Amino acid sequence: MTKVVTRFAPSPTGFLHIGGARTALFNWLYARRHGGTFLLRIEDTDRERSTETAVTAIIDGLRWLGLKWDGDAISQFARVQRHREVAESLIASGGAYRCYASPEELDEMRQQARAEGRPMRYDGRWRDRDPSEAPPGVKPVIRLRAKQEGETIIDDKVQGRVALANKDLDDLVLLRSDGTPTYMLAVVVDDHDMGVTHIIRGDDHLTNAARQLQIYQALGWEAPVMAHIPLIHGPDGSKLSKRHGALGVEAYREMGYLPAALRNYLVRLGWSHGDKEFFSTEEMMEDFDLAAIGRSPSRFDFAKLENMNGHYMRATTDAELLATLIESLPYLPGGPELGRRLDPAGRAKLAAALPGLKERAKTLVELVDGAGYLFSARPLQLDERAREIVAQGGRAHIAALLPRLAAIGEWTSPAIEAAVRDYAGESGAKLGQIAQPLRAALTGRATSPGIFDVLAVLGREESLGRLSDCARAA
RNA sequence: GCGCCCAUCGUCUAGCGGUCCAGGACGUCGCCCUUUCACGGCGGAGACACGGGUUCGAUUCCCGUUGGGCGCGCCA
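Bear in mind that the values here come from a model prediction, so they are computed numbers and not experimental data.

Asker: Now, about the pattern of salt bridges: what can you tell me, with residues and values included?
Answerer: Opposite charge on two side chains lets them pair, provided their charged atoms get close. One pass over the full model with this rule turns up 19 salt bridges. Close ionic contact of arginine 41 with glutamate 43 constitutes a salt bridge, the shortest N to O distance being 2.8 Å. This pair shows no difference in class: arginine 41 is buried, exactly as glutamate 43 is. When the shortest N-O distance is used, the salt bridge between lysine 358 and aspartate 318 registers 2.8 Å. In this pair, lysine 358 is assigned in helix H13 (residues 344-360) and aspartate 318 in helix H11 (residues 318-328), connecting sequence segments 40 residues apart. Looking at lysine 358, the relative accessible area reads 8%, which means it is buried.

This is the structure:
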């Protein structure tokens, strides 16, 4: 059995979007699953639209997601010489021919086709014409001499057996008049030269697959196994657009998602393994297979991603989560500000507060948010509503808590919770419910009535300034 | 328009002819926990697009309809 080789082949015309990320994930998993190789090829033959920025974005995205490819990324553009040679060899073998039809002629064909209500098909006018008849000064393209009878069959691992009539597949251009290869030629040649055994890609390429198969046949090469996976749609079922989730993966990093959570969410989009929802990387590699990929498109659902991310955060050890959080700070809203507070003392405070914080956060962004109270300036400002409530008075048993709180000094959530627990032992009050509003009160971001209640007590029994001093001091 | 693909709760999905008055997860609703929020626990509502076949029997097989998607470039 030959070794499995998969590849991810994005064109660098934008960021790495979520569909591409999943395609990459599937290829990566499949290769790892079978002890094979996962390659990265940048399809940059379109010089107009390809940018260096996009290449960087894609590479960063893959790295962040933890999808490591083997060897160096291959630039398709760097291989034009080889593509040209293959095209020429096809002419020599009779599998292709030069076509001198002008853009105007093709345009006519297109318009006529439209008028007659049929798809545009090149009419093969140069298929059997002698090159000596070539009009002067016209640079030809090279076209595949495609079979016109019968059908081309794609034996797809996901879509099953798909047959396309050859009459619907015209003589596609292999080499442009400027000597650069088209996508069709380039993929085939590169996949062959790279030894790719399995092509896993979006099913928007399904029809292309038939055309590519024809090229493989003309070349006498063995075609790789193909698996065309359904696309990911937006929440309304239409094509994923910017207003949906068609963001670059870096956007997900900025939204505070963990790579492991995103991977888990993505692998379950279009693929399943019974009722299992959570997969460690090892389990994914173990269980992943093409046969279990569904054939219907799926929609992207942020709510589920967020829930899953929450699970991953809670399951991450505090030390690891702290490291991840600190690493991610530059990308998170409010992150850099928090980062500036993290001198050794600040860092210790954050570390101590993390266990309480992560219980309540679904994303790293929420974690940053929640950590705000640790560093907000004292004394805190009370808003109108809070003042009102302070004036009305509050609950006695929290008031009784204050001396203890004043004594601890360390305003981290475990410290607060420990004090509350200590107090709760006598009063019967449960913990956690008190600690959180205290924390919120100290940030001045109090929003719920319960929090106002606490503020009220604080305001009456002790001055906020005094509390702040306690917080700062010890 | 032509070709191809798809169709189970709002969403992701399990189901590969009888075990399904359809299972899980997210979301949602209610209760519990709790003087907030979150976590957690318990429970509820919620789907086989429609119409024909095939079969003793269809969510599962076939055909059509409807609805989505993709492709139809000297873009990838």
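Let's pick the thread back up.
Asker: Can you tell me about the layout of surface pockets, naming the residues and giving the values?
Answerer: One number sums up the size of the largest pocket: a volume of about 1,200 Å³. Around the largest pocket sit 39 residues that line it, and Pro10, Ser11, His17, Asp204 and His205 are the ones nearest its centre. Of all the secondary-structure elements, those providing two or more residues to the lining of the largest pocket are strand E1 (5-8), helix H1 (18-33), helix H5 (183-193), strand E9 (198-202) and strand E11 (232-233). At 4 residues, H1 tops the list of elements feeding residues into the lining of the largest pocket. Looking at side-chain class alone, the lining of the largest pocket contains 15 nonpolar, 14 polar and 10 charged residues. If you add up the space inside the second largest pocket, you get close to 470 Å³. Looking at the lining of the second largest pocket, the elements with two or more residues in it are helix H2 (52-65), helix H8 (259-267), helix H10 (302-315) and H11. Per element, the largest residue contribution to the lining of the second largest pocket is 4 residues, and it comes from H11. Across the lining of the second largest pocket, the residue classes break down as 12 nonpolar, 5 polar and 5 charged.

So, how was this worked out
- Residues numbered from 1 in each chain as written.
- Chains lettered and ligands numbered in written order.
- Predicted model: local features only at pLDDT ≥ 70, side-chain atom pairs only at ≥ 80, totals over all residues.
- Heavy atoms only, no water.
- Salt bridge = Lys/Arg side-chain N within 4 Å of Asp/Glu carboxyl O.
- Buried < 20%, exposed > 50% of the residue type's maximum accessible area, 1.4 Å probe, protein only.
- Helix = DSSP H or I, 4+ residues; strand = E, 2+ residues; numbered from the N terminus.
- 1 Å grid on protein atoms, 1.4 Å probe; cavity = no way out; pocket = protein on both sides within 12 Å on 5 of 7 lines; lining within 4 Å.
- Points joined across faces, edges and corners; volume = space filled by probe spheres on them.
- Nonpolar A, V, L, I, M, F, W, Y, C, P; charged D, E, K, R; others polar.

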